[in-house]
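# Close look at the chain arrangement
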Amino acid sequence: MTRSVTTGPVTARAVQLLAVLLVSVCSVNPVAATVTCVEDFDRGVTSEAAGARPGTPLSAALSQKLDDAVLAALPLAETPGVIVGVQTPDGTWKKGYGVADPATGTPMGPGMHTRIGSVTKTFTGTMLLQLAEAGRLSLDDTIDAYVEGIPNGDRITLRQLADMTSGVASYTASERFVELFLDQPGVAFSPEDLLTFAVENSPLFEPGTQYDYSNTNTILLGMVIEKTTGQPFETSLRKMILEPLGLEKTVWPGSRTELPEPYAQGVTLQGVDATPAAPLVATHWNPASLWTAGELISNLDDLLVYGRALGSGQGLLGTEMQQARLRSFRPPDGYGLALRCNGEWVGHTGEVPGYTTVVFHSPRTDTTLVVQANSDMPSGDCEEAKETQDVDEASGLSCSLPAMRIFNAVAPLLGETAPQNTAE
């Protein structure tokens, strides 16, 4: 769909919408026993899984089914365009739909960069596990050994930060932060700045007793990684993940607002008095306020490589640590050590102003599925968005962010149950 854009003053309505979208859609839930998302560990965690031969296309029949599913779901997703990629042991399928730039009509292409939001958390969590595997820290260390001033810091473990059971409030739940962010989206907040917004609302509960998705948890883990390695996070990220996996198109922007060419323009209803007919372009909003919780930029080819490594551990973690990660998920939210499971899919979703992303892998079938959308506008029966968006309640269409809408249409064609609608 082609949209115009506008700018305007920050409104209470926009503050409410941003708070809804930047904070997990999941409520605070009691912690339950862990569940096994991947039953066949020998198949899901190996060192020599074949993967698809480079350049081998999926069969014409399956490719057509995937194309038809995306085309049917796209009108139901509130986004100018999407990029979809599938990799199986039999081949790869990649395609762009819609437009990358509503102003110019530039078509969306599979090689375009987008901001990937909370998929960044899986990079941060993987680095934490790599350091634990190397004996440089323990997941049972408490955060006060690395960062001072966190309520209950002498009892909150790094493990609890990674699996979202720490009780530290998300800085994005702070109305004060949201107002500042929307008023000045070009301002770069330091990690220390972000902690001040979280601490004033913490603790939410006793460590380890409940689940609450908090961006602050992953900010703290980024600080732990920097202190442990003695290097900037960007340097460690490059050495520990990007270079080993050959992720040449995955970029840590820091406080730089530019995206590498080519890139898709991202549209949003957040931050101004926008309407569905005239959303704001948020492409160059400063990503530094997301830091290790959501700052990364990437493209489809890199995300397909990374998604498979994330789900299998290959090139990232040893078998024992990967198995521990895949056994760390807790019901009812299916969240584990900086990783989520839905059915037999493991991975993460990502949402930032202007973009949504889904990266999931099925260890059982060695299938990776990636969706990138240049919008974070929900569609369907979205109670929290009704003041800012036209919603067809009679349709019975569940509320979903764009990338997840497409993902749920495609996943059943790949031999797995589609994941739940999740957005964070």
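Before reading on, note that the structure itself is shown above.
No experiment lies behind these values; they were computed from the predicted model shown.

Attention now goes to the side chain of aspartate 366. Topologically, aspartate 366 is positioned in the loop between β12 (355-362) and β13 (367-373). The buried category is assigned to aspartate 366, whose relative accessible area is 12%. Here arginine 308 takes part through its side chain, which lies 2.8 Å from a polar atom of the side chain of aspartate 366.

Further remarks concern the nonpolar core. Ranked by size, the top nonpolar core spans 77 residues in total, and within it Phe123, Ile143, Leu158, Leu220, Leu237 and Ile241 carry the most contacts. Beyond its immediate stretch of four places on either side in the chain, leucine 220 contacts Ile143, Val147, Ile150, Leu161, Val168 and Leu195.

Turning next to the packing of aromatic side chains. One pass over the structure, following the stated rule, counts 13 aromatic pairs. Ring centres 3.8 Å apart and planes at 10 degrees place the aromatic pair phenylalanine 123 and tyrosine 306 in the stacked group. Here phenylalanine 123 is found in helix α4 (residues 120-133), whereas its partner tyrosine 306 is found in helix α11 (residues 300-312), with 183 residues between them in sequence. Accessibility classification places phenylalanine 123 together with tyrosine 306 in one group, the buried group. On the basis of an interplanar angle of 85 degrees and a centroid distance of 5.8 Å, the ring pair of tyrosine 213 and tyrosine 335 is categorised as edge-to-face. One end of the pair, tyrosine 213, is in the loop between β6 (210-211) and α8 (215-229); the other, tyrosine 335, is in the loop between α12 (319-326) and β10 (340-342), and 122 residues separate them in sequence. A relative accessible area of 1% means that tyrosine 213 is categorised as buried. Through pairs of rings, three or more aromatic residues link up here, namely Tyr171, Phe177, Phe181, Phe189, Phe197 and Trp285.

To continue, consider the side chain of aspartate 163. Looking at where aspartate 163 falls in the secondary structure, it is placed in the loop between α5 (158-162) and α6 (175-183). Lacking a salt bridge, the buried aspartate 163 has arginine 330 as its closest oppositely charged neighbour, with an N-O distance of 4.0 Å. At 2.6 Å, the side chain of aspartate 163 and the side chain of threonine 165 are in polar contact. Leave out the neighbours within four places in its chain, and aspartate 163 touches Tyr211, Arg330, Tyr335, Gly336 and Leu337.

Moving on to the pairing of strand β11 (residues 345-352). Burial runs high along β11: eight of the eight residues are buried. Alternating residues of β11 divide into Trp345, Gly347, Thr349 and Glu351 and Val346, His348, Gly350 and Val352, and every residue in both groups is buried. One ladder, built from three bridges, connects β10 with β11; its direction is antiparallel. Bridge pairing in β11 places arginine 340 opposite glycine 347. Counting the residues in the hairpin turn of β10 and β11 gives two residues, including glycine 343, whose phi is positive at 65 degrees. Where β11 and β12 come together, seven bridges link them in antiparallel fashion. Residue pairing for β12: glycine 347 is matched across the bridge by phenylalanine 360. Hairpin connection from β11 to β12: two residues lie between these consecutive antiparallel strands, with glycine 354 at a positive phi of about 105 degrees.

Conventions adopted
- Residues numbered from 1 in each chain as written.
- Predicted model: local features only at pLDDT ≥ 70, side-chain atom pairs only at ≥ 80, totals over all residues.
- Heavy atoms only, no water.
- Helix = DSSP H or I, 4+ residues; strand = E, 2+ residues; numbered from the N terminus.
- Buried < 20%, exposed > 50% of the residue type's maximum accessible area, 1.4 Å probe, protein only.
- Polar contact = N/O pair within 3.5 Å; in protein donor to acceptor, adjacent residues only side chain to side chain.
- Core = buried A, V, L, I, M, F, W, Y, C linked by side-chain atoms within 4.5 Å.
- Contact = heavy atoms within 4.5 Å.
- Phe/Tyr/Trp six-rings, centres within 6.5 Å; stacked < 30°, edge-to-face > 60°.
- Lys, Arg positive; Asp, Glu negative; His and termini not counted.
- Salt bridge = Lys/Arg side-chain N within 4 Å of Asp/Glu carboxyl O.
- Pairing = 2+ DSSP bridges.

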